[in-house]
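Listed below are the residues making up each chain.
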Amino acid sequence: MGTIELKHITKTFGPTVKAVDNLNLTIESGHFICLLGPSGCGKTTTLRMIAGLDMPDAGEIILDGKTLFSGEKGNLVPTEKRELGLVFQSYALWPHMTVAQNVSFGLEMRNVDKSKRKKIIGDVLDLLHINQLENRYPSQLSGGQQQRVALARMLAVSPDVLLLDEPLSNLDAKLRLEMRAELKRLHETLGNTIIYVTHDQLEAMTMSTKIAVMHEGLLQQCAPPMDIYRKPGNVTVAEFVGSPPMNLFSHTGGKQDAVVESIKKCYTEQKERIDIIGVRPEDIKVVPRGTEVGEDTWYYPAEVQTLLPTGSEWIISLLVEDVMVFASVADDPEYKPKTPAAIAVKKNTVHLFDSQRQRIDFSGSR
């Protein structure tokens, strides 16, 4: 079991900085949930409050029906009695201990029998594919190996909930990819509840069963990764999740207004509510100027600005009136910079938002 309930959690630093603002979030047992957002959004503070390292100003934290913190009742369970596993950016391995000794440390603190301890260490090292490293010291390990040892040390004590605070940020790109796959495999194998803090949307999208997007201390949306991507609940989520980011059009009093009005004509039922329009780069098709499109497609003239190869795709920047728009395409583009073109977008792929920056769902949207 490992269900965590956060009820009306608030945390303020100093007189004015509200790090977490009235957070309500239920993390169900067995889920791998990522707290995602930019620096200063409150995600690490939330993790530290769950761990007991920071104390909320108000609210309740409940683990499997047991109150870990209650501002109203004055309850506070200290960190060491919460039986949670913590792994942070710093691996914090004992340099004078071997891998096996580091992994054994938590078990020794719990007075686990030596023979049982040996079996647990062997099982955990096998699980993380580092059994051949058991006699090495941390200084003899790569960054990825040290990360696995830090995880093994936490998993050895069998915590129901594992808290990870940007544990892969010190690794290079190749190792980060390997460790993402490793963490996902571990979760599928063990079924622990994992709460993972990151600002990297790729980590969140690839590993989690749910993503909780935070911004300026407020929870913006909590949903499965593809729901977050395909149906962002508001403009903040739409802007943050996606690379390249979503293209947004809104009334500014300039040439952009013509683009907005052109799109709004496609959605007569929602026309009066629409304030901001979003289009994902992969949903934009770059076509020759004057191309005829069907009724299910929105078309607008543009000018190609630059071509950006990434290897697996091309990112094309275009000027649509006075808005810089990015399209991503798989095939080599036929256009050159500073040449006329047009963009064509299927209407059911467009994202609509109202004046409160909240999502507008409409019939036919995917």
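For the structure, see preceding data.
Residues numbered from 1 in each chain as written. Predicted model: local features only at pLDDT ≥ 70, side-chain atom pairs only at ≥ 80, totals over all residues. Heavy atoms only, no water.

Q: Give a description of the pairing of strand E10 (residues 210–215) that names residues and reports values.
A: Across 4 bridges, the pairing between strand E3 (residues 32–36) and E10 is parallel. What sits directly across from isoleucine 33, in E10, is lysine 210. Bridge analysis of E10 against strand E11 (residues 218–223) gives 5 bridges, and the strand direction is antiparallel. Following the sheet pairing, valine 213 is matched in E11 by glutamine 221. (Pairing = 2+ DSSP bridges. Helix = DSSP H or I, 4+ residues; strand = E, 2+ residues; numbered from the N terminus.)

Q: Break down the pattern of salt bridges for me, with residues and values.
A: When their charged atoms lie close together, side chains carrying opposite charge are able to pair. Enumeration according to the criterion identifies 11 salt bridges in this entry. For glutamate 261, the salt bridge goes to lysine 264, with nearest N and O atoms at 3.7 Å. Here the residue glutamate 261 and the residue lysine 264 both occupy positions in helix H9 (residues 256–264), the gap between them amounting to 3 residues, near one helical turn. For glutamate 261, a relative accessible area of 31% translates into the label partly exposed. Within the structure, one salt-bridge network assembled from shared partners comprises Arg148, Glu182 and Arg185. (Salt bridge = Lys/Arg side-chain N within 4 Å of Asp/Glu carboxyl O. Buried < 20%, exposed > 50% of the residue type's maximum accessible area, 1.4 Å probe, protein only.)

Q: Explain the sheet that holds strand E6 (residues 75–76) to me, using residue names and the numbers behind them.
A: A sheet is described by the order of its strands in space; here 5 strands give the open sequence E2-E1-E4-E5-E6, paired in antiparallel fashion. On the outer flanks of this sheet lie strand E2 (17–27) and E6, each paired with one strand and no other. Strand direction decides the pairing type here: strand E4 (residues 58–63) and strand E5 (residues 66–70), joined by 4 bridges, are antiparallel. Counterpart to leucine 63 in the pairing with E5 is lysine 66. Contacts from helix H1 (residues 43–51) reach strand E1 (4–13), E2, E4 and E5, with the element oriented near 115 degrees to E1. (Contact = heavy atoms within 4.5 Å. Axes fitted to C-alpha atoms, helices over the stretch in contact; angles between N-to-C directions.)

Q: Which residues make up the nonpolar core, and what values do they have?
A: One finds Val103, Leu128, Leu151, Leu164, Leu183 and Tyr196 to be the most contacted residues of the largest nonpolar core, which totals 46 residues. With 7 residues, helix H4 (residues 143–156) is the single largest residue contributor to this core. Aside from chain neighbours lying at most four places away, what touches leucine 128 is Arg148, Leu151, Ala152, Leu155, Glu182, Arg185 and Leu186. Among the nonpolar cores identified, the runner-up in size contains 28 residues, and Ala302, Val320, Ala341 and Phe362 belong to it. (Core = buried A, V, L, I, M, F, W, Y, C linked by side-chain atoms within 4.5 Å.)

Limitation: the analysis is restricted to geometry and does not speak to function.
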